[in-house]
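Notes for the structure review
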Amino acid sequence: MTTLIEVINHGPIRELRLARPPVNALDTELCRALITALTQAMTEEVQGIVLSGSERIFTGGMDVPYLLRHGQDKHKLLDSWQAFFGAARALAESRIPVVAALTGHSPAGGCVLALCCDYRVMARSADPAKPYVIGLNEVQVGLVAPEGIQRLMRRVVGTHRAGVLLAGGQLVSAERALEIGLVDELADGAALVVETAISWLQTQLRLPQQPMLQTRAIARADLHEAMQPEHIQLDRFVDAWYSVDAQAALQALAARLGKG
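This text gives an overview of the structure that appears in the document. Being a predicted model, the structure only gives us computed values, none of them experimental.

Comments concerning the overall build of the protein
Helix and strand counts for the protein stand at 13 helices and 10 strands. In terms of C-alpha radius of gyration, the protein reaches 17 Å, essentially the compact-globule figure of 18 Å for 260 residues. Once the C-alpha set of the protein is aligned to its principal axes, its extents read approximately 55 × 45 × 40 Å. When each of the 260 residues of the protein is scored for burial, the buried share is 53%. Long-range contacts, defined as pairs at least 24 residues apart, comprise 75% of the intrachain contacts of the protein with a sequence gap of at least 6. When the accessible surface of the protein is summed, it comes to about 11,900 Å², and 54% of that surface belongs to carbon and sulfur atoms.

Quick look at the packing of helix α3 (residues 74-92) against helix α12 (residues 234-241)
Running from N to C, α3 and α12 point in directions that differ by 125 degrees, and their axes come no closer than 10 Å. Classified by the angle between their axes, α3 and α12 sit oblique to one another. Handedness of the crossing formed by α3 with α12: right-handed. Contacts between α3 and α12 involve Lys74, Leu77, Leu78, Trp81, Gln82 and Phe85 from the first element and Leu234, Asp235, Phe237, Val238, Asp239 and Trp241 from the second.

Here we look at α12
Of all the residues in α12, the buried ones are Leu234, Phe237, Val238 and Trp241. For α12, the angular spread of the buried residues around the axis is 95 degrees, confining them to a single face.

As for the nonpolar core
Grouped together as the largest cluster of nonpolar side chains are 92 residues, with contacts concentrated most on Trp81 and Leu182. Examining the composition of this core, we find that 10 residues originate from one element, α3, more than from any other. Apart from the residues within four sequence positions on either side, Leu182 is in contact with Cys111, Leu115, Arg120, Ile134, Met153, Val156, Val157, Val172 and Ala177.

Considerations on the side chain of Asp27
Secondary-structure assignment places Asp27 in the loop between β2 (13-18) and α1 (28-43). Excluding residues that lie within four positions of it along the chain, Asp27 makes contacts with Arg20, Asp63 and Tyr66.

Remarks on the packing of aromatic side chains
Within the structure shown, the criterion is met by seven aromatic pairs. Geometrically, the ring pair formed by Phe84 and Phe85 is edge-to-face, given 5.2 Å between the ring centres and 65 degrees between the ring planes. For the residue pair Phe84 and Phe85, the accessibility class agrees, reading buried in each case. Centroid distance Phe85 to Phe237: 6.0 Å. Interplanar angle 85 degrees. Geometry classified as edge-to-face. Remark: Phe237 occurs in helix α12 and Phe85 occurs in helix α3; sequence separation between them is 152 residues. Residues Phe85 and Phe237 agree in their burial class; the two are buried. An aromatic cluster is present here, built from Trp81, Phe84, Phe85, Phe237 and Trp241 joined pairwise through their rings.

So, helix α5 (residues 147-157)
Residues of α5 that are buried include every one of Gly148, Ile149, Leu152, Met153, Val156 and Val157, and no others. Projected down its long axis, α5 carries its buried residues within an arc of 165 degrees, all on one side. At the exit of α5 stands Gly158, carrying a positive phi of roughly 95 degrees.

Examining the environment of Thr203
Note on placement: Thr203 falls in helix α8 (residues 190-205). Distance from Thr203 to Ala83, taken between C-alpha atoms, is 32 Å for residues 120 residues apart in sequence.

Looking at the sheet that holds strand β6 (residues 104-107)
If you trace the four strands from one edge of the open sheet to the other, you get β4-β6-β8-β9, paired in mixed fashion. Each edge of the open sheet carries a strand with a single partner, namely β4 (56-57) and β9 (172-173). Note: β6 against strand β8 (residues 133-135), two bridges, orientation parallel. When the bridges of β8 are listed, Ser106 appears paired with Ile134.

Observations concerning the packing of α1 against α3
Any two packed helices are characterised by how steeply their axes cross, that is the angle between the axes, and by the distance between the axes. For the pair α1 and α3, interaxial distance at closest approach is 8 Å and the crossing angle is 30 degrees. It follows that α1 is roughly parallel to α3 by the angle criterion. The interaxial crossing formed by α1 with α3 has left-handed handedness. Contact with α1, carried on its side by Thr28, Cys31, Arg32, Leu34, Ile35 and Leu38, involves Asp79, Ser80, Ala83, Phe84, Gly86, Ala87, Ala90 and Leu91 of α3 and no other residues of that element. Among the residues making up the contact of α1 with α3, the classes are represented as nine nonpolar, three polar and two charged.

Cut-offs and rules
- Residues numbered from 1 in each chain as written.
- Predicted model: local features only at pLDDT ≥ 70, side-chain atom pairs only at ≥ 80, totals over all residues.
- Heavy atoms only, no water.
- Helix = DSSP H or I, 4+ residues; strand = E, 2+ residues; numbered from the N terminus.
- Rg over C-alpha atoms; globule rule 2.2 N^0.38 Å.
- Buried < 20%, exposed > 50% of the residue type's maximum accessible area, 1.4 Å probe, protein only.
- Contact = heavy atoms within 4.5 Å.
- Areas by Shrake-Rupley, 256 points an atom, 1.4 Å probe, with all protein chains shown as cover.
- Axes fitted to C-alpha atoms, helices over the stretch in contact; angles between N-to-C directions.
- Parallel < 35°, antiparallel > 145°, perpendicular 65-115°, else oblique.
- Left-handed = near helix turned anticlockwise from the far one by under 90°.
- Arc of directions from axis to C-beta.
- Core = buried A, V, L, I, M, F, W, Y, C linked by side-chain atoms within 4.5 Å.
- Phe/Tyr/Trp six-rings, centres within 6.5 Å; stacked < 30°, edge-to-face > 60°.
- Pairing = 2+ DSSP bridges.
- Nonpolar A, V, L, I, M, F, W, Y, C, P; charged D, E, K, R; others polar.

In short, the description is geometric, and any link to function would need to be established separately.
Take a look at the structure:
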């Protein structure tokens, strides 16, 4: 059986590394594996989690060609999106701190997962001409980011800037993401990104635990609220998937990915 999530323990901190080559595209199985890994960490007295990806790419987001193969099977499509939003919700509702170690590109679903974490460390690209990017580019593929997902962006970059980024389906460089608060730190290379994430968690874990965890829970109440079903409206989201605009954009994206 293929391991979709690599588990690496760093003392009381557990790294969960997405491991679905070539780009860690999020399909139903990977999303469910992430939920299982997060649940297991909670039962094993892990004190902090680092969510990481591969060198040069954290995750390419949802696996669009895989989703398109569901065709008109709305039940399968709904199941896939439930798995994704379930993974995001598991991060948002984690009782212990979670850091996103963004080892490279983090578009769309990758950005959503990162926004559900407590802290985001992103890699700088070794080639300034080809920066790593992050953002919610759903509009580019004919989709509308649900209210709950828009709230995730607003809480870190502010209402106006979130609106501009979302409506334009914009991806920004790691450097720009740091400037606007979309990520919290940059590091050079995947290994250092993970190391920096672990270091941040170690600092948190040296604090008096109950005050830290209770303060964290209060600070993240809006995050929990954003991920509630009434703010995702999954049925409406899935219905919109089948619109003419969305299907044209999604099929074009799948064709580009097929040539890549």
